[in-house]
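# Structure at a glance
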Protein chains: 2
Amino acid sequence: MEHPHPYSPADLRLPGFVPLQLSQMEILLPYLIISIVIIVAVWLISGMYGGRLSKTDRWLMCWFVYTGLTHIITEGAFVFSPRFFSNQNPSFFDELWKEFGKGDSRCVARDPAAVTVSGINVLLAGPASLLAVYAIASQKAYSHTIQFTVSLCELYGMLVYYATAYLDGFNFWVSPFYFWAYFVGANSSWVVMPTLVTLRSFKKIYAAFQVEKMKTT
Amino acid sequence: MEHPHPYSPADLRLPGFVPLQLSQMEILLPYLIISIVIIVAVWLISGMYGGRLSKTDRWLMCWFVYTGLTHIITEGAFVFSPRFFSNQNPSFFDELWKEFGKGDSRCVARDPAAVTVSGINVLLAGPASLLAVYAIASQKAYSHTIQFTVSLCELYGMLVYYATAYLDGFNFWVSPFYFWAYFVGANSSWVVMPTLVTLRSFKKIYAAFQVEKMKTT
C-alpha cells in the first residue's frame, strides 16, 4: 500500500512513503532549542578562556560549531539515509527531512546535485568547521585560511543548490510559505554568515601579506 | 527529420540533432595548437618583465591565462548555447562540445549540475583567473588569496561534476576510450593544477601569518 505524499511536483514517485508523524512544531521547536543551547554553551565556554579571545572570535566559534554540527549530524542523517522517507519507525531526523521536503522535494527525491552538495558538507565542510573552531581557540596561523576555505565552499555549495533548482524547473515547494520559510529561510544563514566570514578572512589575509611586504622591504 | 545521435545513454532525446561535421583530429588539433601558442606567448611575454618574476610565477601566469580563457571562451560557448547540438551551421565550439559529448553526454543533455558548474566557471572562476594573472604580474598582496580562491572553486566544481555523474548512473560515455580520454583525461588538468596551486597558496598564506605573528610578538 502506498501513501500519497505531500510534495511538489505531484508526479514525484516515492515508493513506500511513510507520512509525517510529528507536527511542524514538534520538529522545529526542539531543533531550535537545541541549536540555541549549543550556541550559548560555546559562547560561555569560549568566555572561560580568560579574555584572550575577542568577542568576534567567540561569535565565530559559535558559528563554526553550529555549522559544523549541522553539516555532520543534520546533513549526515540525510546523506546516509537514502530511504529516510520510507522508514517505518522514523527517527527525529527522518521527520525533519520529510518536513523540509515541503520546501524542497529534491531532498526526498535524492536529486544528485542536492545530495552532492550535502555530501561535500558532511565529509569536508563539517569536519573543517570543527577544525576552524580549534584554530580560532588556539589562534593558529592557519585560522583565517581554514575559515575562508570553509565559508567559500559553503557559498559555492549554496550557489550549486539554488542554480540547479532553477535549471531543474523551480517547482519543488508545496506553497509560497514553504518556499520562503524552508527553501530560502532555512538556508539563508549559509549565505549570510559565509559571506561575512569570507570578507573578514580575506581582509585578515590581505593585512598579513602587507605586514610581510613591509618587513621584507 | 531527426538524426540519431551517437551518445550514451541511447534513450537520450535530442530533437533536431545535427551530426558532427568535423573529424576528431579537425577539432582537437587546432584546439591543442592554439592552446600551446597561448601558453608559450604568456611565457615569453612574462619573461620580458625583466627577471622580476620567478619561473614559478611565470608558469602560474601561463596556467591562469589558459584556465581563464578556457572557462570564459570554451565553457562560455557551451553555457550560452543551450541548443548547440542542433545548429544547422555549427561553429567550431558547437562541434567541440558535440565531440566532448561522447565522453559525457550530460553536456548535450543540459544536465543542471554540469551547466551550473560551467556557469560558475564562466561568470566567476574565469574572470577571477585573469585577475590572478594581473595579481601575479604586479605582485599584489591579494595574489595568493585570489589564486587560492579560484583553485578551490575549480576543485569544488570538479567534485560536483564527478559526484553528480556517479549519483546519476555513471553511463554517459560511448566507450571506455571516451571515458578515459574526455571524461577523465580532458578534465584532469583541472584536478591536478588547482590541487598544486591550492597547496602552494596555502603555504604562502601560512608563512605570511607567521611573519605577522613574529612582528607583533
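Note that residues are indexed from 1 along each chain, following the sequence as it is written. Working convention: letters from A go to chains and numbers from 1 go to ligands, in the order in which they are written. In keeping with the predicted nature of the model, local features appear solely for residues at pLDDT of at least 70, side-chain atom pairs appear and are counted solely at 80 or more, and the whole-chain, interface and lining totals rest on all residues. Side-chain measures here rest on the full set of heavy atoms in the structure, leaving out hydrogens and waters.

### Some details on the overall build of chain A
Numbering of helices and strands runs from the N terminus; a helix is a DSSP stretch of H or I covering at least four residues, while a strand is a stretch of E covering at least two. Along chain A, the regular secondary structure elements total six helices and zero strands. Going from the N terminus to the C terminus, chain A shows its helices and strands as α-α-α-α-α-α. Expressed as lengths along the three principal axes of its C-alpha atoms, the size of chain A is roughly 75 × 40 × 30 Å. For every residue, the accessible area obtained with a 1.4 Å probe (protein chains only) is divided by the maximum for its type, and the residue is called buried under 20%, exposed over 50%, and partly exposed between those limits. Looking at chain A residue by residue over its 217 residues, the buried ones come to 50%. Of all intrachain contacts in chain A linking residues separated by at least 6 positions in sequence, the fraction that spans at least 24 positions is 73%. Note on contacts: a residue pair qualifies if any of its non-hydrogen atoms lie within 4.5 Å across the two residues.

### Re the confidence of the model for chain A
Note: pLDDT gives the predictor's confidence per residue, expressed from 0 to 100. With 98% of its residues at a pLDDT of 70 or more, chain A shows a mean pLDDT of 96. The ipTM for the predicted assembly is 0.96, set against a pTM of 0.96.

### Points about the pattern of salt bridges
Side chains bearing opposite charge may pair, as long as their charged atoms lie close to each other. Salt bridge, as applied in this entry: a Lys or Arg side-chain nitrogen positioned within 4 Å of an Asp or Glu carboxyl oxygen. Here the structure, examined in full by the defined rule, presents ten salt bridges over all chains. For the salt bridge of arginine 106 of chain A with aspartate 104 of chain A, the shortest nitrogen-to-oxygen distance reads 3.1 Å. This pair shows no difference in class: arginine 106 of chain A is buried, exactly as aspartate 104 of chain A is. One salt bridge in this structure joins glutamate 95 of chain B and lysine 98 of chain B, with 3.0 Å as the shortest N-O distance. Note that glutamate 95 of chain B and lysine 98 of chain B are positioned in helix H3 (residues 92-100) at a spacing of three residues, about one turn of the helix.

### Structural notes on helix H2 (residues 55-79) of chain A
To estimate how far a helix should reach, multiply one less than its number of residues by 1.5 Å. With 25 residues, H2 of chain A extends 34 Å from end C-alpha to end C-alpha; this agrees with the ideal 36 Å at 1.5 Å per step. The term bend refers to the angle at a residue between two fitted axes, each drawn through seven residues, those ending there and those starting there. When the local axis directions of H2 of chain A are compared, the greatest deviation, roughly 30°, occurs at threonine 70 of chain A.

### Side note on the interface of chain B and chain A
The interface of chain B with chain A comprises 37 residues on the first partner and 37 residues on the second. A simple way to read buried area is as the amount of 1.4 Å-probe accessible surface that goes missing from two parts once joined, with both sides added. A buried area of about 3400 Å², summed over both sides, lies between chain B and chain A, and 81% of it is on carbon and sulfur atoms. It is Ala141, Tyr156 and Phe209 of chain B that lose the most area in chain B upon contact with chain A, and together they represent 21% of the buried surface on that side. Summed over the shared surface of chain B and chain A, the result is zero salt bridges. Partitioned by chemical class, the residues of the side of chain B that touches chain A number 24 nonpolar, eight polar and five charged. Three classes are used: nonpolar for Ala, Val, Leu, Ile, Met, Phe, Trp, Tyr, Cys and Pro, charged for Asp, Glu, Lys and Arg, and polar for all others, with Gly counted as polar.

### A short note on the UniProt feature "transmembrane region" (unreviewed entry) in chain A
UniProt positions are given in the numbering used here, feature names are shortened, and annotations may be inferred rather than shown by experiment. UniProt's feature table lists "transmembrane region" (unreviewed entry) at residues 27-47, 59-80, 113-136, 148-167 and 179-199 of chain A, given in the numbering used throughout. Across residues 113-136 of chain A, the secondary structure splits into 100% helix and 0% strand, with the terminal C-alpha atoms separated by 32 Å.

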